[in-house]
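Take a look at the letters that make up each chain.
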Amino acid sequence: MTLCVGAMGLLAACGSVDEDKEPVGSSGAGGSDGLDARQACMNYCNAVNANGCEDAESDCEDFCDEAMEDAGALCEDKAAVLFTCALPYASTCPRDVPPSCEEQMAALSTCMETHGCAGGELCSGGGGEDGDTCSCEATCLGKRHEMRCETPAGGTTTCVCLVDSVEVGTCEEPLPDLCGVKKGCCQEFFNLP
């Protein structure tokens, strides 16, 4: 299940479909009906998988853990509303947010821009016998957060942490594979939700 929708891509992209077509028996929009965000995500993911969508997610637990982390605690209620709205469309394997759920996606995007990291994280890296490098950046709480890490061959990973291109600190990572603005050592300086 490829993540591709709007600000964070909470909904899955599956096979092609006429996205303007309403599913039979659906009003399209709706609330979360008291479901928590994780359960709403699981319902949607399981429905996409049950419908045999082209890029179905093999592990809905992992998919929803990632979706909830991306949404952030302060925006989970908006994610629940979006997943609930999109659930009737799971049988059509939508590529994008169904038209009748665009308002819910906009509300989630606005929430994430205000309280979390919108648009996902862009990371690059590589390495070899001579060492590894990694850099990640994301726009969180309205500011660009970056971490740039280097691991000399056999050495400790050292990271430079920047907010809006201004260095706010440096740190060391015990493991070179923890590259990410929210999960790496720069989080101690960023303090992102």
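Residues numbered from 1 in each chain as written. Predicted model: local features only at pLDDT ≥ 70, side-chain atom pairs only at ≥ 80, totals over all residues. Heavy atoms only, no water.

*Asks:* Where do I start with the pairing of strand E7 (residues 166-173) in this structure?
*Replies:* Examined bridge by bridge, strand E6 (residues 157-163) and E7 share 7 bridges and lie antiparallel to one another. In the strand pairing of E7, valine 163 is matched with valine 166. Hairpin remark: E6 followed by E7, antiparallel, with 2 residues in the connecting loop; positive phi at aspartate 164, about 50 degrees. (Pairing = 2+ DSSP bridges. Helix = DSSP H or I, 4+ residues; strand = E, 2+ residues; numbered from the N terminus.)

*Asks:* Could you clarify how one ought to interpret helix H1 (residues 37-50) in this entry?
*Replies:* Because each turn of an α-helix spans 3.6 residues, side chains separated by three or four positions in sequence point in the same direction. Taking 1.5 Å as the rise per residue, H1 with 14 residues should run 20 Å; its terminal C-alpha atoms sit 20 Å apart, in good agreement. For H1, the set of buried residues is Ala37, Ala40, Cys41, Met42, Tyr44, Cys45, Ala47 and Val48. Two residues or fewer after H1 comes glycine 52, characterised by a positive phi angle close to 65 degrees. (Expected span 1.5 Å × (residues − 1). Buried < 20%, exposed > 50% of the residue type's maximum accessible area, 1.4 Å probe, protein only.)

*Asks:* For this particular structure, what's the right way to read helix H4 (residues 102-115)?
*Replies:* With 14 residues, H4 should reach 20 Å at 1.5 Å per residue; the first-to-last C-alpha distance of 20 Å fits that figure. Every buried residue of H4 is listed here: Gln104, Met105, Leu108, Ser109, Cys111 and Met112. Seen end-on, H4 carries its buried residues on one side only, within an arc spanning 165 degrees. (Arc of directions from axis to C-beta.)

*Asks:* Looking at this model, I keep getting lost on the environment of phenylalanine 63. Mind explaining?
*Replies:* Structurally, the position occupied by phenylalanine 63 is in helix H2 (residues 60-71). Judged by relative accessible area, which is 4%, phenylalanine 63 ranks as buried. Residues phenylalanine 63 and cysteine 41 lie 22 residues apart in sequence; the distance between their C-alpha atoms is 8.5 Å.

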